[in-house]
Amino acid sequence: MKKRHIACHDCDLLMLIPPLRHRQEAHCPRCGYVLTRFYQHAQAKLLTSALTAIVFLVYSLKFPFIIFSLHGSEKTLTLLESIQNVENITYLLISALLAFTAFIIPFSFLVSVVYISWSFKTKRLFPFTSAILKLTMLLKPWNMAEIFIISILISFIKVQTMAYIEFGYALAFYLLFIMSLSATFVYFDQYQLWSLYQLKVKHNQGETYANS
Ligand SMILES: [Zn+2]
């Protein structure tokens, strides 16, 4: 890939990144911040991991998450039901925040990643590729699926002293979703994606001039 200028995220130092080999990183010479990491076939890996994460997320919502048994009565909750609590406004806000950071934001991020990866694979870029690429970069820091699952598991461990609890398939699917989402983060590299976008735009412009 061609050399391109990049400003360090931490200290704003402007520098030129040389072409990188597989798994090689570029660090800021002033503060040591990791500017980019190159993986061979990163685009295909990014698309596969994002699609896998979407499938696991959908399955985790479909199956039972937790089964309670108390004094002979049994109650089954799905993942979404387990965060629903509308008794008062504080809980309502927490539930909404959990729903956003654990489901809505990761889902929107993954769908956007699939869109841009698919767009890069085609001859001509899809409409709004640059806007959606910017959106993925805005959404990425708000993915908090692993914090959600840790907090919900801790709260259920506390409840275990009062009721018999069994976890359903949804927990396994949600954990697989977190693993696939983490893999998506590994191959989601801001610098590499923008470089690829600019390369595609140049290529498309070249084709337009050649045809006119
Ligand atoms: Zn720096």
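Residues numbered from 1 in each chain as written. Predicted model: local features only at pLDDT ≥ 70, side-chain atom pairs only at ≥ 80, totals over all residues.

**Some words on the environment of Ser130**
In step 1: Note that Ser130 resides in helix α4 (residues 129-139).
In step 2: In the structure, Ser130 is positioned 44 residues away from Tyr174 in sequence and 30 Å away in space, judged by C-alpha atoms. (Helix = DSSP H or I, 4+ residues; strand = E, 2+ residues; numbered from the N terminus.)

**Quick word on the domain arrangement of the protein chain**
In step 1: Splitting the protein chain by domain gives domain 1 (1-38) and domain 2 (42-191).
In step 2: Using only C-alpha atoms to locate each centre, domain 1 and domain 2 end up separated by 31 Å. (Domains from an automatic or database assignment.)

**Considerations on the sheet that holds strand β6 (residues 73-77)**
In step 1: Strands sit in the order β6-β5-β7 across an open sheet of three strands; the sheet is antiparallel. A single partner strand is all that each edge strand has here, and the edge strands are β6 and β7 (164-167). Within this sheet the neighbouring strands show an average axis-to-axis angle of 15°, counted without direction.
In step 2: Inspection of the sheet shows strand β5 (residues 66-70) paired to β7 by four bridges, in the antiparallel sense. (Pairing = 2+ DSSP bridges. Axes fitted to C-alpha atoms, helices over the stretch in contact; angles between N-to-C directions.)

**Observations regarding the pairing of strand β2 (residues 14-17)**
In step 1: Across four bridges, the pairing between strand β1 (residues 4-7) and β2 is antiparallel. The residue bridging Ile6 from the neighbouring strand is Met15, located in β2.
In step 2: Counting the residues that bridge the hairpin from β1 to β2 gives six residues, and of these Asp12 lies at a positive phi of roughly 65°.

**Considering the environment of Arg4**
In step 1: Mapped onto the elements, Arg4 comes out in strand β1.
In step 2: Taking the C-beta count within 10 Å as the criterion, Arg4 has 13 such neighbours and is therefore assigned partly exposed.
In step 3: Each C-alpha atom of the pair Arg4 and Tyr191 lies 9.1 Å from the other, and the pair is 187 residues apart in sequence.
In step 4: Apart from the residues lying within four places of it in its own chain, the contact partners of Arg4 are Ile17 and Ser195. (Buried ≥ 20, exposed ≤ 12 C-beta atoms within 10 Å, placed from the backbone. Contact = placed C-beta atoms within 7 Å.)

**Considerations on the packing of helix α5 (residues 145-159) against helix α6 (residues 169-187)**
In step 1: Between α5 and α6, the least distance of the axes is 10 Å, while the angle of their chain directions is 150°. The pairing of α5 with α6 is recorded here as roughly antiparallel in orientation. Every pair of crossing elements has a handedness; the one defined by α5 and α6 is left-handed. Of the residues in α6, those in contact with Ala145, Glu146 and Ile149 of α5 are Tyr174, Phe177, Ile178 and Leu181.
In step 2: Its residues assigned to classes, the contact of α5 with α6 comprises six nonpolar, no polar and one charged. (Parallel < 35°, antiparallel > 145°, perpendicular 65-115°, else oblique. Left-handed = near helix turned anticlockwise from the far one by under 90°. Nonpolar A, V, L, I, M, F, W, Y, C, P; charged D, E, K, R; others polar.)

**Some words on unusual backbone geometry**
In step 1: Positive phi, normally seen in glycine, also occurs at His41, with a value near 55°.
In step 2: Tracing the backbone through its elements, the reader meets His41 in the loop between β4 (34-37) and α1 (42-62).
In step 3: Of note, the phi angle at Phe128 is positive, near 65°, even though the residue is not glycine.
In step 4: Positionally, Phe128 belongs in the loop between α3 (89-121) and α4.

**Let's talk about the confidence of the model for the protein chain**
Low pLDDT means the predicted atomic positions in that stretch should not be read closely.
In step 1: Of all residues in the protein chain, 94% have pLDDT values of 70 or greater, and the mean over the chain is 88.
In step 2: Averaged over each element, pLDDT in the protein chain is lowest for β1 (80) and highest for α1 (96). (pLDDT = per-residue confidence, 0-100.)

**A few points about the packing of α1 against α6**
In step 1: Packing of α1 against α6 brings their axes to within 8 Å, and their N-to-C directions diverge by 160°. One way to sum up the angle between α1 and α6 is to call them roughly antiparallel. Of the two possible hands of crossing, α1 and α6 adopt the one that is left-handed. When α1 is examined against α6, the residues Ala42, Lys45, Leu46, Ser49, Ala50, Thr52, Ala53, Phe56, Leu57, Tyr59 and Ser60 are found in contact with a partner set consisting of Ala170, Phe173, Tyr174, Leu176, Phe177, Ser180, Leu181, Ala183, Thr184 and Tyr187.
In step 2: Split into classes, the residues belonging to the contact of α1 with α6 amount to 15 nonpolar, five polar and one charged.

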